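The primary structure of each chain is shown beneath.
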Amino acid sequence: MSAALELLKRETRLAWGRGGGPLVSLGFYAGVTTLLPLATGPEPARLAAVAPGVAWIALALASLLSLDRLFERDFEDGALDLITLSPMPLELTCAIKCLGQWLAAGAPLALAAPVAAIALGAPVALAPLILAGALVGGLAFAFTGGIGAALSLGARRGGLLTAVIVLPLFVPPVIFGGGALDAFASGLPWQAGFTLLSAYAAAAVALGPVAMAAACRNALS
């Protein structure tokens, strides 16, 4: 347990310091929400209608920015070889890496999501559901994104390859999360969308580390 906690602290510190940490993702998120009114027009009704969906799309795209170095740095300096040979299962190590990524980048983005949506005109009553959905969805983004990061190890332009692999996996959380928010705003039952989002995140947490570990072993072989 102590080794897992130390690894989590290490990964969180690396994620915070990797390429500016969450500040780059938060800056991108702020940029998207700032540019949207310039593209669609400043009409409050129009902005309010698209605010929840835009917040989700921006969250997914911002999550991509910090994925390319999730495994690459350890792969380049040989630390991944030592991690693979350590007594801790590689699957657990991959899960801890993704959890550290979520703590450093996903959680700050989730905290920014309600602010961005409300700034675009979304009802304040949506804020708790936006925050909860962004936290759960961010977890799904981190663990599915880790699969792409592991599969692109050692490849040229690995960041682009990671995006190509990961973007299709980001589609279900965006659909489920956006659908839940739309249903809540329309006064319709929203629990089904949030339940599907939670189930997808749980599946990503359970199965993602297995796929990551297999991809890391293949890259090292």
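Residues numbered from 1 in each chain as written. Predicted model: local features only at pLDDT ≥ 70, side-chain atom pairs only at ≥ 80, totals over all residues. Heavy atoms only, no water.

**Observations concerning the packing of aromatic side chains**
How two aromatic rings sit relative to each other is set out by the distance from centre to centre and by the angle between their planes. What the rule picks out here adds up to 4 aromatic pairs. Measuring from ring centre to ring centre gives 4.5 Å for F141 and F170, while their planes differ by 45°; the resulting arrangement is tilted. Placement of the pair is F141 in helix α7 (residues 127-151) and F170 in helix α8 (residues 158-185), with a sequence separation of 29 residues. On the basis of relative accessible area, F141 is assigned to the buried category, the value being 1%. Pairing F184 with W190 gives two aromatic rings, centres 6.0 Å apart and planes at 70°, and the pair type is edge-to-face. Looking at F184, the relative accessible area reads 30%, which means it is partly exposed. Taken together, the ring pairs in this structure connect W56, F141 and F170 into an aromatic cluster. (Phe/Tyr/Trp six-rings, centres within 6.5 Å; stacked < 30°, edge-to-face > 60°. Helix = DSSP H or I, 4+ residues; strand = E, 2+ residues; numbered from the N terminus. Buried < 20%, exposed > 50% of the residue type's maximum accessible area, 1.4 Å probe, protein only.)

**Remarks on the side chain of S152**
By secondary structure assignment, the location of S152 is in the loop between α7 and α8. Judged by its relative accessible area of 2%, S152 is buried. Side-chain polar atoms of S152 contact the backbone oxygen of G148, separated by 3.1 Å. (Polar contact = N/O pair within 3.5 Å; in protein donor to acceptor, adjacent residues only side chain to side chain.)

**Here's the deal with a nonpolar patch on the surface**
Judged by side-chain polarity, V24, F28, I57, L61, L65 and L167 come together as a nonpolar surface patch covering roughly 460 Å² of accessible area. When contributions to the nonpolar patch are tallied by element, the ones reaching two or more residues are α2 (22-40) and α3 (44-64). (Patch = residues over 30% accessible without salt bridge, like charges linked within 9 Å, V, L, I, M, F, W, Y side chains within 5 Å. Areas by Shrake-Rupley, 256 points an atom, 1.4 Å probe, with all protein chains shown as cover. Salt bridge = Lys/Arg side-chain N within 4 Å of Asp/Glu carboxyl O.)

**Some remarks on α2**
Compared with an ideal rise of 1.5 Å per residue, which puts 19 residues at 27 Å, α2 spans 27 Å between its outermost C-alpha atoms and is within 8% of the ideal. If you check which residues of α2 are buried, you get P22, S25, Y29, T33 and L36. (Expected span 1.5 Å × (residues − 1).)

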